[in-house]
Amino acid sequence: MRVPSTDGVDLELHDLGGDGPTLLIAHATGFCAGAYLPMVPVLAERFHVWGVDFRAHGDSTAPDVLTWRGMADDVLAVVDALGGDPIIGFGHSMGGASLVGAELVRPGTLARGFLFEPIIIPAEWNDSGPGQNPMSAAARRRRPSFASRDEVLGRYARRPPLGVFRADALAAYVDHGFADAPDGTVTLKCTPEHEAQTFEAPNKPTIEQMAAVATPLVIARGERDGEFGPAAFSPRIADAAPHAELRRYDRVSHFGPFEDPDLLAREAAAFLAN
């Protein structure tokens, strides 16, 4: 389903099935809705599940300039396309921040949210510019094309960080995150440059803004990364929001929804259906 958003962007919104209240899966930077398919069987037992490909990701188009306000606009465009009622959300990394961003722009958009290590940062971090985010440098080094999906699977399964994914989650990402080129090769749908620009983009939600978010939330974090990366901010995010609780998962990292999709889907479904 094509959904128009701001900045001339056309989004791809995927109906992933199920019955019940609307639940939107909001993906992490560099990924797409299809990468979360291993979570869907559990979620679809209680919800009608939808997944959006954010701008410059998956099968959606890209604007001239990427901002995280634009990602929030994408969530709002999806909400309007689905009838305008408040939605329930599962958000991973950028996706979690985008759900919060939409709620900040239009309070009442998000009825309830399970956010796994959302990129919600101290206000002073929003001052960093292009080239100052180490994740963007790593993204620009990514290999964009491969001879086949089998080659991608073989490469990714043998090395970090994607080597920690459960096999079906890695296969879902390779299936849906790569496009078939005319010469028979496959190419990343989210280009290395767009991934890097997303990491660098301004207007990320801040911890200080969480005081205005009245939505019941779980802020979930993995423990395998220790106090490194997005996990480090999760306790502060949960403390700052008036109706949030922190949950810790010992066996997973920042890629928890891909490492143990069943666990995170069960946990999210139980909270979101309450």
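This write-up is about the structure you can find in this document. This is a predicted model, so every value here is computed, not measured. (Residues numbered from 1 in each chain as written. Predicted model: local features only at pLDDT ≥ 70, side-chain atom pairs only at ≥ 80, totals over all residues. Heavy atoms only, no water.)

**Quick word on the overall build of the chain**
Argument step 1. A count of helices and strands for the chain gives 10 helices and 11 strands.
Argument step 2. Relative to its length of 274 residues, the chain is compact, with a C-alpha radius of gyration of 17 Å against a globular reference of 19 Å.
Argument step 3. Relative to its 274 residues, the chain shows a buried fraction of 53%.
Argument step 4. For the chain, the proportion of contacts with a sequence separation of at least 24, taken over those separated by at least 6, is 76%.
Argument step 5. Split by element, the accessible area of the chain, about 11100 Å² in all, is 52% carbon and sulfur.
Argument step 6. For the chain, the centre of its 24 positive side-chain charges and the centre of its 37 negative side-chain charges are spaced 5 Å apart. (Helix = DSSP H or I, 4+ residues; strand = E, 2+ residues; numbered from the N terminus. Rg over C-alpha atoms; globule rule 2.2 N^0.38 Å. Buried < 20%, exposed > 50% of the residue type's maximum accessible area, 1.4 Å probe, protein only. Contact = heavy atoms within 4.5 Å. Areas by Shrake-Rupley, 256 points an atom, 1.4 Å probe, with all protein chains shown as cover. Lys, Arg positive; Asp, Glu negative; His and termini not counted. Charge placed at Lys NZ, Arg CZ, Asp CG, Glu CD.)

**As for the packing of helix 5 (residues 149-157) against helix 6 (residues 167-177)**
Argument step 1. Contact geometry for helix 5 and helix 6: axes closest at 10 Å, N-to-C directions at 140 degrees. Classed by the angle they form, the pair helix 5 and helix 6 counts as oblique. Viewed along their axes, helix 5 and helix 6 form a crossing whose handedness is right-handed. Between helix 5 and helix 6, the residues in contact are R149, V152, L153, Y156 and A157 and L170, A171, Y173, V174 and D175, respectively.
Argument step 2. Broken down by class, the residue content of the contact of helix 5 with helix 6 amounts to 8 nonpolar, no polar and 2 charged. (Axes fitted to C-alpha atoms, helices over the stretch in contact; angles between N-to-C directions. Parallel < 35°, antiparallel > 145°, perpendicular 65-115°, else oblique. Left-handed = near helix turned anticlockwise from the far one by under 90°. Nonpolar A, V, L, I, M, F, W, Y, C, P; charged D, E, K, R; others polar.)

**Some details on the sheet that holds strand 8 (residues 178-180)**
Argument step 1. Pairing in this open sheet of 3 strands is antiparallel, and the strands run 7-9-8 from one edge to the other. Each of the sheet's edge strands pairs with one partner strand only, and the pair in question is strand 7 (145-146) and strand 8.
Argument step 2. As paired strands, strand 7 and strand 9 (residues 186-188) are joined by 2 bridges and run antiparallel to one another. The residue of strand 9 that forms the bridge with S145 is T187.
Argument step 3. Running at roughly 45 degrees to strand 8, helix 6 makes contact with strand 8 and strand 9 of the sheet. (Pairing = 2+ DSSP bridges.)

**Re the environment of G184**
Argument step 1. In this structure, G184 sits in the loop between strand 8 and strand 9.
Argument step 2. The partly exposed category is assigned to G184, whose relative accessible area is 49%.
Argument step 3. In this structure, the C-alpha to C-alpha distance between G184 and R112, residues 72 residues apart in sequence, is 43 Å.

Geometric values such as these leave the question of function open.
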